[in-house]
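Overview (structure and organization)
So you can see what is in the structure, the chains are spelled out below.
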Amino acid sequence: TFFIVGKNIPKEAEVLRASARAGHEIGNHSFTHASLPKLSPEEMRTEIADTQRLIGKITGQQPVLFRAPFLDYDDQLHRILREEQLQAVNANLSTQDWDAATTVEQIVQRATADLVPGSIILMHSWPENTLAAMPEILRILREKGYRMVTVSQLLKAGRP
């Protein structure tokens, strides 16, 4: 599942469209990647709605999932997400791949060491080291008997 920041959609429209066509789930990750609890309720709604509109326009699908920037949720954001019928998504493993000092080996280790059925691994699509780590991560996960599914498929299977 790919969570996209709305302001990046115009320059990533083809990648987004191709990802959706390939069967990857697209989720909302706010418009500007701000810490939403620091915003007013109206600003939160705008961050969510503008991204929903752009994702729908590009993919023809409306996201049903939302991942807050920095995994930073509060009661107000949860209330707005319920009103907008969006499921809040968290992660139980973080590769910390956003940090330029994180090595390929660290990304692989963080993505695979504490894995349990139903794990959601937080990774980003833009760091070169993440892209370099993916083949090894996928090899290890498959070797351990895991299969990759969308977050919605995971939720439907009753995983937290």
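Above this text you will find the structure in question.
Let us look at the structure shown here. (Residues numbered from 1 in each chain as written. Predicted model: local features only at pLDDT ≥ 70, side-chain atom pairs only at ≥ 80, totals over all residues. Heavy atoms only, no water.)

1. Quick look at the packing of helix 4 (residues 104-112) against helix 5 (residues 128-143)
Running from N to C, helix 4 and helix 5 cross one another at 40 degrees; their axes reach a closest spacing of 9 Å. Classified by the angle their axes make, helix 4 and helix 5 are oblique. The interaxial crossing formed by helix 4 with helix 5 has right-handed handedness. Only Asn129, Thr130, Ala132, Ala133, Glu136, Ile137, Ile140 and Leu141 of helix 5 make contact with helix 4, whose side of the interface consists of Val104, Ile107, Val108, Ala111 and Thr112. For the contact of helix 4 with helix 5, the residue count by class is 9 nonpolar, 3 polar and 1 charged. (Axes fitted to C-alpha atoms, helices over the stretch in contact; angles between N-to-C directions. Helix = DSSP H or I, 4+ residues; strand = E, 2+ residues; numbered from the N terminus. Parallel < 35°, antiparallel > 145°, perpendicular 65-115°, else oblique. Left-handed = near helix turned anticlockwise from the far one by under 90°. Contact = heavy atoms within 4.5 Å. Nonpolar A, V, L, I, M, F, W, Y, C, P; charged D, E, K, R; others polar.)

2. Let's talk about helix 1 (residues 13-21)
Ala13, Leu16, Ser19 and Ala20 are the residues of helix 1 that are buried. All buried residues of helix 1 project into a common sector of 130 degrees when viewed along the axis, lining one side. Residues of helix 1 that are buried in the fold lie against strand 1 (2-4), strand 2 (26-28) and helix 2 (41-59). Directly beyond the C-terminal end of helix 1, a positive phi value near 95 degrees is found at Gly23. (Buried < 20%, exposed > 50% of the residue type's maximum accessible area, 1.4 Å probe, protein only. Arc of directions from axis to C-beta.)

3. Overview of the nonpolar core
Residues Leu36, Met44, Ile48, Phe66, Ala68, Tyr73, Leu77, Ile80, Leu81 and Leu86 constitute the largest nonpolar core, which totals 10 residues. Where this core is concerned, the elements lending two or more residues are helix 2 and helix 3 (75-83). Counting residues per element, this core draws most heavily on helix 3, which supplies 3 residues. (Core = buried A, V, L, I, M, F, W, Y, C linked by side-chain atoms within 4.5 Å.)

4. Let's talk about the pattern of salt bridges
Side-chain pairs of opposite charge can arise where the charged atoms are in close proximity. Going through the model one piece at a time under the given rule, you end up with 5 salt bridges. The closest approach of N and O atoms between Arg45 and Glu84, which form a salt bridge, is 3.8 Å. In this pair, Arg45 sits in helix 2 while Glu84 sits in the loop between helix 3 and strand 4 (87-88), placing the two residues 39 residues apart along the sequence. Among the residues examined, Arg45 registers a relative accessible area of 31% and is labelled partly exposed. A relative accessible area of 40% places Glu84 in the partly exposed class. (Salt bridge = Lys/Arg side-chain N within 4 Å of Asp/Glu carboxyl O.)

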